[in-house]
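Structural overview
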Amino acid sequence: MDYDRIFSNAIADIKDEGRYRVFMDIERTNGEFPKAEWHTENGVKDITVWCSNDYLGMGQHPDVIQAMKDAIDKVGTGSGGTRNISGTHHYHVMLENELADLHGKEAGLLFTSGYISNEASISTLARLMPGCIIYSDELNHASMINGVLTGKCEKRIFKHNSVEHLEELIKADDPDAPKIILFESVYSMDGDFAPIEEFCDLADKYNCLTFMDEVHAVGMYGPRGGGVAEERGLMDRVDVIEGTLGKAFGLMGGYITASKDIVDCVRSFASGFIFTTSLSPAITAGALASVRHLKNSTVERERHQERAATLKKLMRDAELPVMPSVSHIVPLLVGDPVICKQASDMLLEDFGIYVQPINFPTVPRGTERLRFAPNPLHDDEMMDHLVKSLKVVWEKLDINKYCRAA
Ligand SMILES: *Cc1c(COP(=O)(O)O)cnc(C)c1O
């Protein structure tokens, strides 16, 4: 057995396909976001970041920074253990209460990431309900897919955002089987919204639970940043609302909010919650400050929406192929993995613009794209520079040829 060859071939294959991933070595400068420094073999270069999921720039908000510093001064660095064994800090309790309130739920539960919150919660709910069937949107995030796999239950995949297909699948199954409908409120690659109300109607009609990932909406939608469900007045109709502290809230960690009993079950049975050191108190304190700030302040959300709309318009006016996103996500279709990577490299090296190519398996083959996440701190000048640079790159690489074919 030639082990070395197995691994080098695997890498050679993804390189041939043009989807070998290279991580950018960047250093953000506090107070300068979205400007950052890029560490290269030839030294350090100034760049503007266009693909950060720190959607509102909260990662450098003074209140958040101060809260983290204060927490470190007060209690030190790590949490010291799992939640069960000396790792439950007062900050965790306060943040869980704050998140439960944000989503209008009885209880909240923190995890070390959004990925784990999905995986651990979905698998636990499935295991607690023998014969459970999970109905999962075909574009659901990998963390949800893995939750379904770990839950070892029956699964049905419904066409993206299709209420009709979902109903067809539910109707074909045993009416007495426990059922969970699994979906996201905002799909972050296309930037479209789920028909939340219609899914909840189906859940009522066929007696299903609903589990919704609001990762790309918490902090950004709704009067207090409670997500799309808050904006649409539907929070009480979704059984489990899952979110992250790593995107708009600017830190890291994940959570669910739900009824007391559901949260208590996940707390008591989920391996991914029980057997891991809890979030650092400093991160938790920072998240608490961030959630509280965004509950009370709407300027970030308003500016964020305005910036996204402006960038889409500028791109459309420049005849760049913006995909039809209705949210804050601005995807630009390229339609070829190699060209997509080349475009991204050229933007970075020639224009100091950092936007990551999005290739398979994150998106379907043939829909490779550049995905822009404008935030409140991208000013008009940056947008102007971006669109002009994109025009040059589009012509140099003759990209319209690829996206027409796609
Ligand atoms: C990023 C993401 C997650 C995972 O959240 P993390 O906090 O980054 O682990 C879950 N669901 C969706 C849809 C995501 O995009």
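Now for a quick tour of the structure.

**Side note on the overall build of the protein**
The secondary structure content of the protein amounts to 15 helices and 16 strands. In summary, the protein has a C-alpha radius of gyration of 22 Å against a globular reference of 22 Å for 406 residues, a match within 12%. Counting only C-alpha atoms and orienting by the principal axes, one finds that the protein spans roughly 60 × 55 × 55 Å. By residue count, 55% of the 406 residues in the protein fall in the buried class. Intrachain contacts of the protein at a sequence separation of at least 6 include 71% that bridge at least 24 residues. Positive and negative side-chain charges of the protein, numbering 42 and 61 respectively, have mean locations separated by a distance of 1 Å.

**A word on a nonpolar patch on the surface**
On the surface, Met1, Tyr3, Ile6 and Phe7 cluster together to form a nonpolar patch covering roughly 540 Å² of accessible area. Looking at the element boundaries, phenylalanine 7 is found in helix H1 (residues 3-16). Residue phenylalanine 7 is classed as exposed on the basis of its relative accessible area of 55%.

**Points about the sheet that holds strand E10 (residues 209-213)**
An order of E4-E12-E11-E10-E7-E5-E6 is seen for the 7 strands of this open sheet, with the pairing classed as mixed. Edge positions in the sheet fall to strand E4 (107-111) and strand E6 (154-158), since each has one partner strand and no second. Neighbour-to-neighbour, the strand axes of this sheet turn through a mean angle of 20°, independent of strand direction. Looking at chain direction, strand E5 (residues 133-137) and E6 are connected through 5 bridges and run parallel. Residue pairing across strands places isoleucine 134 opposite lysine 155, the latter belonging to E6. Across the sheet, helix H3 (residues 90-102) touches E4 and strand E12 (254-258), and the angle it forms with E4 is around 125°. This element, helix H9 (residues 260-269), spans E4, strand E11 (240-244) and E12 of the sheet and lies at about 25° to E4.

**Digging into the side chain of aspartate 336**
Within the fold, aspartate 336 resides in the loop between strand E13 (330-333) and helix H13 (337-351). Lysine 401 provides the closest opposite charge to the buried, unpaired aspartate 336, separated from it by 9.1 Å. Side-chain polar atoms of aspartate 336 contact the backbone nitrogen of isoleucine 339, separated by 2.9 Å. Excluding its chain neighbours within four sequence positions, the residues that come into contact with aspartate 336 are Glu368 and Tyr402.

**Concerning the packing of helix H6 (residues 163-171) against helix H7 (residues 196-206)**
Viewed as axis vectors pointing N to C, H6 and H7 meet at an angle of 15°, and their least axial separation amounts to 10 Å. The pairing of H6 with H7 is recorded here as roughly parallel in orientation. Seen from above, H6 lies across H7 with right-handed handedness. When H6 is examined against H7, the residues Val163, Leu166, Glu167, Ile170 and Lys171 are found in contact with a partner set consisting of Glu198, Phe199, Leu202, Lys205 and Tyr206.

**Points about H3**
The first and last C-alpha atoms of H3 sit 18 Å apart over 13 residues, in line with the 18 Å expected at 1.5 Å per residue. Listed in full, the buried residues belonging to H3 are Tyr91, His92, Leu95, Glu96, Glu98, Leu99, Ala100 and Leu102. The secondary structure elements touched by the buried residues of H3 are helix H2 (62-75), E4, E12 and helix H11 (281-296).

**Points about the pattern of salt bridges**
Per the counting criterion, the structure on display carries 21 salt bridges. Among the ionic pairs, aspartate 54 bridges to arginine 28, the shortest N-O distance being 2.7 Å. Of this pair, aspartate 54 sits in the loop between strand E3 (43-49) and H2 while arginine 28 sits in strand E1 (residues 26-28); the two residues are 26 residues apart in sequence, bridging distant segments of the chain. Look at arginine 28 and you get partly exposed, because its relative accessible area is 35%. Overlapping salt bridges, with partners in common, bring together Glu98, Asp101, Arg224, Glu230, Arg292 and Lys295 in one network.

**Observations regarding the sheet that holds strand E15 (residues 357-358)**
One open sheet accounts for 3 strands, arranged E13-E16-E15; its pairing is antiparallel. Only two strands of the sheet have a single neighbouring strand rather than two, namely E13 and E15. Sheet analysis places E15 next to strand E16 (residues 369-372), joined by 2 bridges and oriented antiparallel. Within the sheet, the bridge partner assigned to proline 357 lies in E16 and is leucine 370. Across the sheet, helix H12 (residues 299-317) touches E13 and E16, and the angle it forms with E13 is around 20°. Sheet strands in contact with helix H14 (residues 380-396) are E13 and E16, and its direction is about 175° off that of E16.

What counts and what doesn't
- Residues numbered from 1 in each chain as written.
- Predicted model: local features only at pLDDT ≥ 70, side-chain atom pairs only at ≥ 80, totals over all residues.
- Heavy atoms only, no water.
- Helix = DSSP H or I, 4+ residues; strand = E, 2+ residues; numbered from the N terminus.
- Rg over C-alpha atoms; globule rule 2.2 N^0.38 Å.
- Buried < 20%, exposed > 50% of the residue type's maximum accessible area, 1.4 Å probe, protein only.
- Contact = heavy atoms within 4.5 Å.
- Lys, Arg positive; Asp, Glu negative; His and termini not counted.
- Charge placed at Lys NZ, Arg CZ, Asp CG, Glu CD.
- Patch = residues over 30% accessible without salt bridge, like charges linked within 9 Å, V, L, I, M, F, W, Y side chains within 5 Å.
- Areas by Shrake-Rupley, 256 points an atom, 1.4 Å probe, with all protein chains shown as cover.
- Salt bridge = Lys/Arg side-chain N within 4 Å of Asp/Glu carboxyl O.
- Pairing = 2+ DSSP bridges.
- Axes fitted to C-alpha atoms, helices over the stretch in contact; angles between N-to-C directions.
- Polar contact = N/O pair within 3.5 Å; in protein donor to acceptor, adjacent residues only side chain to side chain.
- Parallel < 35°, antiparallel > 145°, perpendicular 65-115°, else oblique.
- Left-handed = near helix turned anticlockwise from the far one by under 90°.
- Expected span 1.5 Å × (residues − 1).

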